[in-house]
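# Structural overview for review
Here's the letter readout for the chains.
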Amino acid sequence: QKHEFFVDMTCEGCSGAVTRVLNKLGGVQFDIDLPNKKVFIESDHSVDLLLETLKKTGKNASYIGTK
């Protein structure tokens, strides 16, 4: 399942934070689209868990939908 999220990232540091929390979660493959502030995640984890994980970065995050 591939999910699309909006994450309010403004710089490489932000995308680095997203990378760190997702790698810590494990079981995810993801792409970060920094210019468009989007994160695409392929995972069997629930959307709620993924969103909660993204919010750990301290950034605004919201679920857009499945890709």
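In what follows, the accompanying structure is described. The model shown is predicted, which means the values in this text are computed figures rather than measured ones.

About the cut-offs
Residues numbered from 1 in each chain as written. Predicted model: local features only at pLDDT ≥ 70, side-chain atom pairs only at ≥ 80, totals over all residues. Heavy atoms only, no water. Helix = DSSP H or I, 4+ residues; strand = E, 2+ residues; numbered from the N terminus. Buried < 20%, exposed > 50% of the residue type's maximum accessible area, 1.4 Å probe, protein only. Salt bridge = Lys/Arg side-chain N within 4 Å of Asp/Glu carboxyl O. Phe/Tyr/Trp six-rings, centres within 6.5 Å; stacked < 30°, edge-to-face > 60°. Pairing = 2+ DSSP bridges. Axes fitted to C-alpha atoms, helices over the stretch in contact; angles between N-to-C directions. Contact = heavy atoms within 4.5 Å.

### Quick word on the overall build of the chain
When you go through the chain residue by residue, the secondary structure sums to 2 helices and 4 strands. Each helix and strand of the chain, placed in order from N terminus to C terminus, yields the pattern β-α-β-β-α-β. With the C-alpha coordinates of the chain rotated into their principal frame, the extents come out at 30 × 20 × 15 Å. Scored against the burial criterion, the 67 residues of the chain give a buried share of 36%.

### Structural notes on the pattern of salt bridges
One pass over the full model with this rule turns up 2 salt bridges. Lysine 38 is the partner of glutamate 4 in a salt bridge, and the nearest nitrogen-oxygen pair spans 3.2 Å. Placement of glutamate 4 in strand β1 (residues 2-7) and of lysine 38 in strand β3 (residues 38-43) is noted, with a sequence separation of 34 residues between them. When its relative accessible area of 10% is taken as the criterion, glutamate 4 is described as buried. Here lysine 38 falls in the partly exposed class, since its relative accessible area comes to 27%.

### Thoughts on the packing of aromatic side chains
Scanning the entire structure with this criterion turns up 1 aromatic pair. Judged by centre distance (5.1 Å) and plane angle (55°), the ring pair of phenylalanine 5 and tyrosine 63 falls under tilted. Here tyrosine 63 lies in strand β4 (residues 61-66) and phenylalanine 5 lies in strand β1, a separation of 58 residues in the sequence. Using a relative accessible area of 0% as the deciding quantity, one classes phenylalanine 5 as buried. By relative accessible area, which is 32% here, tyrosine 63 ends up partly exposed.

### Concerning the sheet that holds β4
A sheet is described by the order of its strands in space; here 4 strands give the open sequence β2-β3-β1-β4, paired in antiparallel fashion. The two strands at the open ends of the sheet, each matched to only one other strand, are β2 (28-33) and β4. Geometrically, the sheet is characterised by an average inter-axis angle of 25° between neighbouring strands, direction not taken into account. On top of the sheet, helix α1 (residues 12-25) reaches β1, β2 and β3; it is set at about 170° to β2, its chief contact.

Keep in mind that these numbers describe shape and distance, not what the molecule does.
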